[in-house]
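# Report on the structure
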Amino acid sequence: MLKVIFFDAAGTLIEPRDPIGATYANVARNYGIATTAEIVDAAFRRVFRQAPGLAFGPGHGTNELRDLERRWWRELVAASFNGLGEFTDFSAYFDDLFVLFADPATWRIAPQALSTLRRLRARGFALGMISNFDHRLYRILEGLRLADQFQSVTISSEAGYAKPWPEIFRIALAKHGIRADEAVHVGDSDHLDIAGATAAGIAAVLIDPAAPARLLVEGRTARVSSLDAVLAAADSIPFP
């Protein structure tokens, strides 16, 4: 029986109010870099795809984790601007950017997200979040008034493993004391969310706005065109 529904965070339930490339480029102008949002966005996406997961292995203390998180993002941001000019003060630029993306006002709840979560809770499902993010996610969820929707939040930097590694999903399962065949994971990435959940034995739902139908189910994997079809997907996937 399905007991817990896990969700990805960024790109699934929350999204930046402005495109990441636009924000990066706009702030960079204050530090001597004149470029376009499109150029930065393309560079960021390329670098992000190539970067190792935002996880550093288990056993780190809180202060060490905070430092590792900042260093991970600093390297990614620096690589995104490689060849685009010289900053007057890159450290100050990065500090501004890191604080900006910690601010809940920089983010918004995805369409249909809150109504979907409420419908699922009304059906008696427990909800969890599994995200390749850092500690800033807690403040963002609180600020968007989403935190109280979830019984657990598992972030890669603290788990020590990032999606698609199955370990992060198993850590999330353990928080609820359930088996893999009692959960489903919902996300927007075939590679990170669907492949990762499947490797951990968890049923999966891919949010794909380009899907040819509102709901497509194949075995224990579903593809839906929007969040409001997640409940129908959960009802359609077979569970023991």
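Conventions and cut-offs
Residues numbered from 1 in each chain as written. Predicted model: local features only at pLDDT ≥ 70, side-chain atom pairs only at ≥ 80, totals over all residues. Heavy atoms only, no water. Axes fitted to C-alpha atoms, helices over the stretch in contact; angles between N-to-C directions. Helix = DSSP H or I, 4+ residues; strand = E, 2+ residues; numbered from the N terminus. Left-handed = near helix turned anticlockwise from the far one by under 90°. Contact = heavy atoms within 4.5 Å. Nonpolar A, V, L, I, M, F, W, Y, C, P; charged D, E, K, R; others polar. Phe/Tyr/Trp six-rings, centres within 6.5 Å; stacked < 30°, edge-to-face > 60°. Buried < 20%, exposed > 50% of the residue type's maximum accessible area, 1.4 Å probe, protein only. Pairing = 2+ DSSP bridges. Right-handed = clockwise from strand over helix to strand, strands pointing away. Core = buried A, V, L, I, M, F, W, Y, C linked by side-chain atoms within 4.5 Å. Polar contact = N/O pair within 3.5 Å; in protein donor to acceptor, adjacent residues only side chain to side chain.

Looking now at the packing of helix α1 (residues 20-28) against helix α2 (residues 37-50). The geometry of α1 relative to α2 is characterised by a closest axis approach of 7 Å and an angle of 120° between their N-to-C directions. The element α1 and its partner α2 pack so that their crossing is right-handed. Together, Ile20, Gly21, Ala22, Tyr24 and Ala25 of α1 and Ala37, Val40, Asp41 and Phe44 of α2 make up the contact between the two elements. Residues belonging to the contact of α1 with α2 are distributed by class as follows: seven nonpolar, one polar and one charged.

Summed over the entire model, instances satisfying the criterion amount to 16 aromatic pairs. Residues tyrosine 24 and phenylalanine 101 carry aromatic rings whose centres are separated by 5.9 Å and whose planes lie at 70° to one another, so their mutual orientation is edge-to-face. Remark: phenylalanine 101 occurs in the loop between α4 (90-100) and β3 (107-109) and tyrosine 24 occurs in helix α1; sequence separation between them is 77 residues. Comparing tyrosine 24 with phenylalanine 101 shows no difference in burial state: the two are buried. Residues tryptophan 107 and phenylalanine 133 carry aromatic rings whose centres are separated by 5.9 Å and whose planes lie at 55° to one another, so their mutual orientation is tilted.

Attention shifts here to the pairing of strand β7 (residues 203-207). With five of five residues buried, β7 lies mostly within the body of the structure. Relative to β7, strand β6 (residues 183-187) is paired through four bridges, and the arrangement is parallel. In the strand pairing of β7, glycine 187 is matched with leucine 206. With respect to chirality, the unit in which β6 leads through helix α9 (residues 190-199) into the neighbouring parallel β7 is right-handed. Looking at chain direction, β7 and strand β9 (residues 221-224) are connected through four bridges and run parallel. Its bridge partner being in β9, alanine 204 is matched across the sheet by threonine 221.

With that settled, consider the nonpolar core. Core analysis: the largest hydrophobic core is formed by 59 residues, its most contacted members being Ile5, Phe7, Tyr24, Trp73, Phe81, Tyr93 and Leu137. Take this core: its biggest share by element is five residues, from α4. Here isoleucine 5 is in contact with Leu120, Phe125, Ala126, Leu127, Gly128, Val184, Val186 and Ala234, once residues within four sequence places are set aside. Counting residues in each nonpolar core, the second largest holds 17 residues, with Val4, Phe6, Ile194 and Ile202 among its members.

You can see alanine 162 is positioned in the loop between α7 (156-159) and α8 (166-176). Each C-alpha atom, one on alanine 162 and one on glycine 187, is 14 Å from the other, the two residues being 25 residues apart in sequence. Ignoring any residue separated from it by four or fewer positions in sequence, one finds alanine 162 in contact with Gly53, Leu54, Ala55, Asn132, Ser156 and Ile168.

Once that is clear, we can look at the sheet that holds β7. Within the open sheet, the seven strands sit side by side as β5-β4-β1-β6-β7-β9-β8. Their pairing is mixed. The open sheet terminates on both sides in strands that have one partner only, identified here as β5 (152-155) and β8 (215-218). Ignoring strand direction, the axes of neighbouring strands in this sheet form an average angle of 20°.

Tracing the backbone shows serine 80 in helix α3 (residues 62-80). For serine 80, a relative accessible area of 1% translates into the label buried. Engagement of the side chain of serine 80 in a polar contact is seen with the backbone oxygen of leucine 76, the distance being 2.9 Å. Ignoring any residue separated from it by four or fewer positions in sequence, one finds serine 80 in contact with Ala43, Phe44 and Val47.

Just distances and angles here, no functional claims.
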